[in-house]
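The residues making up each chain are set out below.
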Amino acid sequence: MTNIVTFPGLGLEFHLDRVAFSLFGHPVYWYGVIIGCGFLLAVLLCCRWAPRFGVNSDQIMDLLIFAVPLSVVGLRVYYVLFYLDLYREADGSLNWGAIFRITDGGLAIYGGIIAAALTLIVFCRIRKISFFSFADLGVHGLLIGQFIGRWGNFMNVEAYGGVTGLPWRMCSESIASSLLSQGLVDTDGYQAILDGTLGVHPTFFYESLWNFVGIFLIYWIGKHWKKFDGQVFWSYVLWYGLGRFWIEGLRTDSLYLFNWTFLGQPIRVSQALSLLLAVTAAVMLFYNIKIKKHSRDGESGGGGSRRGDGRGGYFHGGSGRECPCRTGGAGAPPAAGDPKRGRGRD
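Below is a short write-up of the structure. Only a predicted model underlies this, so the values are computations on that prediction, with no experimental measurement involved.

Conventions and cut-offs
Residues numbered from 1 in each chain as written. Predicted model: local features only at pLDDT ≥ 70, side-chain atom pairs only at ≥ 80, totals over all residues. Heavy atoms only, no water. Phe/Tyr/Trp six-rings, centres within 6.5 Å; stacked < 30°, edge-to-face > 60°. Helix = DSSP H or I, 4+ residues; strand = E, 2+ residues; numbered from the N terminus. Buried < 20%, exposed > 50% of the residue type's maximum accessible area, 1.4 Å probe, protein only. Salt bridge = Lys/Arg side-chain N within 4 Å of Asp/Glu carboxyl O.

1. Quick look at the packing of aromatic side chains
(1) Moving on: Within the structure shown, the criterion is met by 24 aromatic pairs.
(2) Moving on: The interplanar angle of 40° and the centroid separation of 6.4 Å between the aromatic rings of Phe132 and Trp234 together place this pair among those described as tilted. Placement of Phe132 in helix H5 (residues 131-156) and of Trp234 in helix H9 (residues 231-248) is noted, with a sequence separation of 102 residues between them.
(3) Moving on: For Phe132, a relative accessible area of 30% puts it in the partly exposed group.
(4) Moving on: On the accessibility criterion, Trp234 (14% relative accessible area) is buried.
(5) Moving on: The rings of Phe7, Phe14, Trp151, Phe154, Phe204 and Phe205 are connected pair by pair, giving a single aromatic cluster.

So this is what it looks like as structure tokens:
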């Protein structure tokens, strides 16, 4: 099925088919192709930038073995959890077939991010690698994947916002029909969208652009202004949290926190989580930059972690003497890229 999507104020028109091609009689969707391209680019660039964070490509590949499938599970679980009524039978029991039928759609990015973060924590604990060194690198990949992946939503004509008359408004028959069925527009509004005098916010593009700017921002922070391990990670959390908070408020397909309300309004899950994460990140950045003392190599004072030695999350002791690993003396652990070290995961 082809969807005609127009941007009347910009004079643009697109004929979009969700199916990119067929393979052995099965459709391959543009959404999956775009997500896959974003993932591959993210991995390639993270492997290239890894040495700056004391990480090597073998560790990244090892991590992906666990993080990718678990993140897919997280994407689905997060969505199903907050849309559980969609997967109930008439008698109230759960339709497990529908829950596991991921090809029908229903994924939520925060679920994937949470699952990836938990996987990274466990991985780093087992391999005795600094979580924050890995996380500082990993968020570059997240932003790259999110920047590209949002265009999969465009191909599906989804993840758009409410009605607007702005010059970059987005229009299509499928959008008008969806808004009418949800009671978000009346018949006049429906016709106005078909005519192009009204449209919707292209929130998929807002988030893609926000993430695109974020890539350059956190890259610059990591290369020119990094004062401690975790600074790039918390900068990503703050940047993405702020952007997602205001963009989520525009969308018409938000997940809601059960039947809970705040000031008489239903609570959007991603908006509430974004605000919480942004505030937490701001506090962590303020504390580590303005209050906590860090040595020149990005460590905490008093025998903190060392970036790039593969043991950044574990203290060497607080005797005040210089650790052998800093001078290359005897007893220094092999560097993160040394083949003597165990292979780790980003």
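Structure's up, so let's keep going.
2. Remarks on the pattern of salt bridges
(1) Moving on: Counting across every chain of the model gives 9 salt bridges.
(2) Moving on: The salt bridge involving Glu207 is made with Arg150; its shortest N-O contact spans 3.2 Å. Residue Glu207 is found in helix H8 (residues 203-224), and its partner Arg150 is found in helix H5; the two are separated by 57 residues along the sequence. Just as Glu207 is buried, Arg150 falls in that class too.
(3) Moving on: A salt bridge links Asp253 to Arg251; the nearest nitrogen and oxygen atoms lie 2.9 Å apart.

3. With respect to the environment of Leu16
(1) Moving on: Here Leu16 lies in strand S2 (residues 12-17).
(2) Moving on: In sequence terms Leu16 and Asn3 are 13 residues apart; their C-alpha atoms lie 5.0 Å from each other.

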